[in-house]
Amino acid sequence: MPLDHLAVYLSNSCNLACSYCYVAVNQGPAARLGFEDIRRAVDEFVARVPPERRKITFIGGEPLLDWPLFVKAATYAREAAGPGGILQTFTNGTLLTADKAAFFADVGVHCTVSLDGRKQDNDLHRVYYKTKERSVYDDAMERLRPLDKSNLGVSLVFTASTVDRLLSNIDAFHRMGFGRVTFNPELYENWPEDRIEILRRVLKGLARWYRALLDAGARPPQLQILFAVLEAVENEAANPGWWHDCHNMTLGPDGKYYSCDKALSFPVGRAADLRSGDAAGGMDWEERQRQLDDPTAFIESAGEGAGHIFCPIGVVDHARHAGRDPGAALKNFRRVADAFGDGLKELIALCQGHPVYEEMYGRADAV
Ligand code: SF4
């Protein structure tokens, strides 16, 4: 899959400590990118990727913790990527202000707020790093209250224990006025079979809910995850080995490039074997490919080489570095990812052909 995405991890610091955080925030040595490293990475990315395919994500840790750096980095990325480049960021919402939202609108940065649902589900896993008794949901909602949410996205992570309420949480965000919604399962926990069945059932309900909104003439929220599924289905049909070539370029908060973003779930230095150059000297593309080829060969030899909706490479890398059985992790990932992908493909089949659906998902500015 050709390169089209640069993920810039601005720091490994966060004011929250979510239980499932996919980055080792507030652990090990603190790391924070300087502007020069960001500039070099953006330059290297745009030199390799044509304007119509450029997507740059600013992430962390919490990317809004150092607002002056964010402004400098996003302004530079907009100039370098051009007017058609997609810029996006994911924030926990507790530091949002009207001025920051105005900056996103001016520069063209798609902002997605990470919230897992209403208070009960959000505060189950999303807690402050220092003041655990304070509600993250209440604080984020207070920040969001005066903002125009039609320009904002919301991203939910659901787990085996919160999957039952996924649809009602998505519906709640839709009623609050969020223009975009995305959601992903926690893929590293072990999902018992009965919870996977519930996931399948909930996704059938989601498909019916979405179609009903379309039929009622309402504009449903754009489901960002559908773009990933649509792309994966297309790639899978064209080439079942599409995931062998990663489309992401990942710059860690330590200024090093990593072959897979799963390396960042370990404290800086613990997955050093997944580094492939740095922003100062440039990406070592051969080393990156070698590191991708190794888990790819493992996945193929385990008989899991075809039919993937989501790239499985990171699961193997993550399990190996965590000292877990990569074969078992791969099987669990496959069960959850397949149930998730099947449900979303059913939603697509149910809604395809509706003019509003076609207008929303035929667009080039998928974020
Ligand atoms: S807000 Fe994001 S970066 Fe911070 S701890 Fe939670 S998941 Fe991790």
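Our subject is the structure that appears above.
First, a word on scope: everything that follows refers to the structure included in this document. (Residues numbered from 1 in each chain as written. Predicted model: local features only at pLDDT ≥ 70, side-chain atom pairs only at ≥ 80, totals over all residues. Heavy atoms only, no water.)

## A look at the site of the ligand
Around the ligand, the neighbouring residues are Cys-14, Leu-16, Ala-17, Cys-18, Cys-21, Val-25, Gly-61, Asn-92 and Arg-126. When its residues are assigned to classes, the shell around the ligand shows six nonpolar, two polar and one charged. (Near = heavy atom within 4 Å. Nonpolar A, V, L, I, M, F, W, Y, C, P; charged D, E, K, R; others polar.)

## A word on unusual backbone geometry
Cis rather than trans, the peptide bond between Gly-60 and Gly-61 has omega equal to 20°. The residue Gly-61 is located in the loop between strand E2 (55–59) and helix H2 (67–81) in this model. Phi angles above zero are rare outside glycine, and Asn-26 is one such case at about 55°. Residue class for Asn-26 comes out partly exposed when judged on its relative accessible area of 25%. (Helix = DSSP H or I, 4+ residues; strand = E, 2+ residues; numbered from the N terminus. Buried < 20%, exposed > 50% of the residue type's maximum accessible area, 1.4 Å probe, protein only.)

## A look at helix H7 (residues 193–215)
In this model H7 runs 34 Å from its N-terminal to its C-terminal C-alpha over 23 residues, within 8% of the 33 Å that 1.5 Å per residue would give. Where H7 ends, the next residue or the one after it, Gly-217, has phi of about 80°, a positive value. (Expected span 1.5 Å × (residues − 1).)

## Quick notes on the pattern of salt bridges
Opposite charge on two side chains permits them to pair, given that their charged atoms come into close proximity. Across all of its chains, the model carries 21 salt bridges by this definition. Between Arg-219 and Glu-359 there is a salt bridge; the shortest N-O distance is 3.2 Å. Of this pair, Arg-219 sits in the loop between H7 and strand E7 (222–223) while Glu-359 sits in helix H12 (residues 355–361); the two residues are 140 residues apart in sequence, bridging distant segments of the chain. Judged by relative accessible area, Arg-219 falls into the partly exposed class, the value being 44%. For Glu-359, a relative accessible area of 40% corresponds to the partly exposed category. Among the charged side chains, a salt-bridge network with shared partners connects Glu-36, Arg-39 and Asp-43. (Salt bridge = Lys/Arg side-chain N within 4 Å of Asp/Glu carboxyl O.)

## Some words on the packing of helix H10 (residues 313–322) against helix H11 (residues 326–351)
Taken N-terminus to C-terminus, the directions of H10 and H11 make an angle of 140°; their axes are 8 Å apart at the nearest point. Relative to H11, the element H10 is oriented oblique. Crossing geometry of H10 relative to H11 is assigned as right-handed. Between H10 and H11, the contacting residues are Val-315, Val-316, Ala-319 and Arg-320 on the first element and Pro-326, Ala-329, Leu-330 and Phe-333 on the second. Across the contact of H10 with H11, the residue classes break down as seven nonpolar, no polar and one charged. (Axes fitted to C-alpha atoms, helices over the stretch in contact; angles between N-to-C directions. Parallel < 35°, antiparallel > 145°, perpendicular 65-115°, else oblique. Left-handed = near helix turned anticlockwise from the far one by under 90°. Contact = heavy atoms within 4.5 Å.)

## A closer look at the nonpolar core
Counting 97 residues, the largest nonpolar core has Ile-56, Phe-58 and Phe-183 as its most contacted members. If you look at the next biggest cluster of nonpolar residues, it comprises 18 residues, including Leu-16, Val-136, Phe-266 and Ala-271. (Core = buried A, V, L, I, M, F, W, Y, C linked by side-chain atoms within 4.5 Å.)

## A look at empty space enclosed by the protein
In the structure shown here, the tally under the stated rule is one cavity of 30 Å³ or more. Here the largest cavity defines a volume of roughly 80 Å³. Per-class residue counts for the lining of the largest cavity are 10 nonpolar, two polar and one charged. (1 Å grid on protein atoms, 1.4 Å probe; cavity = no way out; pocket = protein on both sides within 12 Å on 5 of 7 lines; lining within 4 Å. Points joined across faces, edges and corners; volume = space filled by probe spheres on them.)

## Looking at helix H5 (residues 136–144)
Every buried residue of H5 is accounted for by Val-136, Tyr-137, Asp-139, Ala-140, Met-141 and Leu-144. On its buried face, H5 is in contact with strand E4 (109–114), helix H4 (119–125), strand E5 (152–158) and helix H6 (166–176). With a side-chain oxygen lying 3.3 Å from the backbone nitrogen of Tyr-137, the N-terminal cap of H5 falls on Ser-135. (Polar contact = N/O pair within 3.5 Å; in protein donor to acceptor, adjacent residues only side chain to side chain.)

## Focus on the packing of aromatic side chains
Tallied over the full model, the rule gives 16 aromatic pairs. Arranged with centres 5.9 Å apart and planes meeting at 80°, the rings of Phe-183 and Phe-340 form a pair that is edge-to-face. Of this pair, Phe-183 sits in strand E6 (residues 180–185) while Phe-340 sits in helix H11, and the two are 157 residues apart along the sequence. Look at Phe-340 and you get buried, because its relative accessible area is 1%. Feature note: the residues Phe-58, Trp-67, Phe-70, Phe-103 and Phe-104 constitute an aromatic cluster, connected by ring pairs. Positioned above the aromatic ring of Phe-298, the side-chain terminus of Arg-320 is 5.4 Å from the ring centre. (Phe/Tyr/Trp six-rings, centres within 6.5 Å; stacked < 30°, edge-to-face > 60°. Lys NZ or Arg CZ within 6 Å of the ring centre and 35° of its normal.)

What is shown is where atoms sit, not what they do.
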